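Read off the chains here:
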Amino acid sequence: MPIRHQKTDLRQKARLVRAQLFCAHPDAPQAVANHALPPLLSWMAAHDISGPVAGYWAKGDELDPRPLLDALSARNIPLCLPVVDAVDHPLHFRHWKPGDALRSARFGLMEPVTTAALCTPAVLLVPMLAFDDAGFRLGYGGGFYDRTLAILEKTRPILTVGLAFSGQRLESVPHEAHDMPLDLIATEAGLVTPARFI
Ligand SMILES: Nc1nc2c(c(=O)[nH]1)N(C=O)[C@@H](CNc1ccc(C(=O)N[C@@H](CCC(=O)O)C(=O)O)cc1)CN2
Ligand SMILES: Nc1ncnc2c1ncn2[C@@H]1O[C@H](COP(=O)(O)OP(=O)(O)OP(=O)(O)O)[C@@H](O)[C@H]1O
């Protein structure tokens, strides 16, 4: 079966699995924040980077990154959220911090208001349907994160941190040439560290 079709099949299954995990693990967002914060801060210190960190505004049963965003904001690390300009385009990012206004956008997403300044993130927190130990990830299929990373990586070091329930792990996620593996995945049960993360 072509990889594109394998992914479509897996997406349907992964949606059901994630919906169950969301109900079963109400404490996961805080646990994920606790696991993700130390390696994220060390990577930033090692690269002499002070931000910004791009979060996301969780939709439905995605792992809610707010406890992690709150912890980063409390350390004065600038934050931003993604903005979808158009299908088949890379994402843009606008500055945002906890408490700032959001606007409803396409796909049922919440985005920063259009007057918020554009920004270029150094760290990307990435939502997902599923992941594997090599860092490959299954998203909704828009290709937004891969397209965005391919551009951001050209000019500066960038850290990608996937946030997920541990039960979203698959033995192997089918991947294509454009799929960019995550550097690190934080789950409520601990970190998954693909071999290349130092
Ligand atoms: N919370 C969140 N924000 C995000 C993403 C994400 O996965 N989650 N993205 C990750 O790339 C980007 C936006 N891409 C997205 C693409 C599709 C859907 C989505 O829910 N699609 C629905 C159809 C919704 C509709 O048509 O109204 C679906 O596939 O069922 C969401 C985000 C940037 N922001
Ligand atoms: N770097 C890129 N440049 C151009 N097109 C790309 C790039 N990366 C992905 N795409 C396009 O996006 C499509 C969907 O990619 P994929 O199935 O990997 O999405 P996904 O990672 O699940 O989605 P998302 O990142 O939005 O959560 C691909 O078939 C491809 O056409």
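Structure's up top.
What counts as what
- Positions within a chain are numbered from 1, following the residues in the order the chain's sequence is written.
- The order in which chains are written sets their letters, starting at A; the order in which ligands are written sets their numbers, starting at 1.
- Local features in this predicted model are restricted to residues whose pLDDT is 70 or higher, and side-chain atom pairs enter the listing and the counts only when it is 80 or higher, whereas totals over whole chains, interfaces and linings include all residues.
- Side-chain metrics rest on all non-hydrogen atoms present in the structure, leaving aside hydrogens and water.
- Any two rings among Phe, Tyr and Trp, with Trp reduced to its six-membered ring, count as a pair given centres within 6.5 Å; such a pair is stacked if its planes are under 30 degrees apart, edge-to-face if over 60, and tilted if neither.
- Starting at the N terminus, helices and strands are each numbered in turn, a helix being any DSSP run of H or I of at least four residues and a strand any DSSP run of E of at least two.
- To sort residues, take the accessible area from a 1.4 Å probe on protein chains only and compare it with the maximum for the residue type: under 20% means buried, over 50% means exposed, and anything in between is partly exposed.
- Look at NZ for Lys and CZ for Arg. If either is within 6 Å of the ring centre and within 35 degrees of the ring normal, a charge sits over the ring.
- Every definition here rests on a 1 Å grid over the protein atoms only: cavities are sets of points where a 1.4 Å probe fits but cannot get out, pockets are open sets enclosed by protein on both sides within 12 Å along at least five of seven lines, and lining residues have some atom within 4 Å of a point.
- Grid points are joined across faces, edges and corners, and a volume is the space filled by probe spheres set on the points.
- Each residue gets one label: Ala, Val, Leu, Ile, Met, Phe, Trp, Tyr, Cys and Pro are nonpolar, Asp, Glu, Lys and Arg are charged, and the others, such as Gly, are polar.
- Every case where a carboxyl oxygen of Asp or Glu lies within 4 Å of a side-chain nitrogen of Lys or Arg is listed as a salt bridge.
- Throughout this document, a residue counts as near a molecule or strand when at least one of its heavy atoms sits within 4 Å of that molecule or strand.
- The definition of a polar contact used here is a pair of N or O atoms within 3.5 Å, where within protein one atom must be able to donate a hydrogen and the other to accept one, and adjacent residues in sequence count solely through side-chain atom pairs.
- Only the protein chains shown count as cover for residues, and the accessible areas themselves come from Shrake-Rupley with a 1.4 Å probe.

Undergrad: Mind laying out the packing of aromatic side chains, listing which residues take part and the relevant values?
TA: According to the stated counting rule, one finds 2 aromatic pairs in the structure shown. With a centroid separation of 5.8 Å and an interplanar angle of 75°, the aromatic rings of Trp57 and Trp96 are classed as edge-to-face. A residue pair is termed long-range when its members are at least 10 positions apart, and Trp57 in the loop between strand S1 (53–54) and helix H3 (66–74) and Trp96 in the loop between strand S3 (92–95) and strand S4 (102–104) qualify at 39 residues. Judged by relative accessible area, Trp57 falls into the partly exposed class, the value being 25%. Each ring, one from Phe107 and one from Phe144, has its centre 6.3 Å from the other, and the planes form 65°; the classification is edge-to-face. Within this pair, whereas Phe107 is found in the loop between S4 and strand S5 (110–112), its partner Phe144 is found in helix H4 (residues 144–155), the two being separated by 37 residues in sequence. Note on Phe144: relative accessible area 15%, which makes it buried. Looking at Lys59, its charged tip hangs above the ring of Tyr140, at a distance of 5.8 Å from the centre.

Undergrad: Residue-level account of empty space enclosed by the protein, with values.
TA: On inspection of all chains with the given rule, the structure shows 1 cavity of 30 Å³ or more. Around the largest cavity sit Val126, Phe136, Arg137, Tyr145, Asp146, Leu149, Thr160, Asp179, Met180 and Leu182, which together line it. Examining the composition of the lining of the largest cavity, we find that 3 residues originate from one element, H4, more than from any other. Tallied by class, the residues present in the lining of the largest cavity amount to 6 nonpolar, 1 polar and 3 charged.

Undergrad: Can you tell me about the pattern of salt bridges, naming the residues and giving the values?
TA: Oppositely charged side chains may form a pair once their charged atoms are brought near each other. Using the criterion set out here, one finds 8 salt bridges in the structure. One salt bridge connects Arg169 with Asp133, and the closest N-O pair in it is separated by 2.8 Å. Placement of Arg169 in the loop between strand S9 (159–163) and strand S10 (184–187) and of Asp133 in the loop between strand S7 (130–131) and strand S8 (137–138) is noted, with a sequence separation of 36 residues between them. Accessibility expressed as a relative area gives 38% for Asp133, which makes it partly exposed. What you see here is one network of salt bridges that share partners, running through Lys7, Glu176 and Asp179.

Undergrad: Lay out the layout of surface pockets with the relevant residues and their values.
TA: Empty space within the largest pocket amounts to approximately 780 Å³. In terms of lining residues, the largest pocket is bounded by 36 residues, among which Tyr140, Gly141, Gly142, Gly143 and Phe144 are the most central. In terms of residue count, the dominant contributor to the lining of the largest pocket is helix H1 (residues 3–24) (5 residues). Grouping the amino acids of the lining of the largest pocket by side-chain chemistry returns 18 nonpolar, 5 polar and 13 charged.

Undergrad: Tell me about the site of ligand 2, and please be specific about residues and values.
TA: Every one of the 15 residues lining ligand 2 counts as a neighbour, but Arg11, Arg137, Gly139, Phe144 and His178 are closest to it. Within the backbone of Tyr140, a nitrogen or oxygen atom sits 3.3 Å from an oxygen atom of ligand 2. Side-chain polar atom of Arg147 to an oxygen atom of ligand 2: 3.2 Å apart, as the coordinates give it. Protein chains bury 73% of the 650 Å² of accessible surface belonging to ligand 2 in isolation. Taken together, the elements giving at least two residues each to the shell around ligand 2 come down to H1 and H4. Among the elements that make up the shell around ligand 2, the one with the highest residue count is H4 (5 residues). In terms of residue class, the shell around ligand 2 is built from 4 nonpolar, 5 polar and 6 charged.

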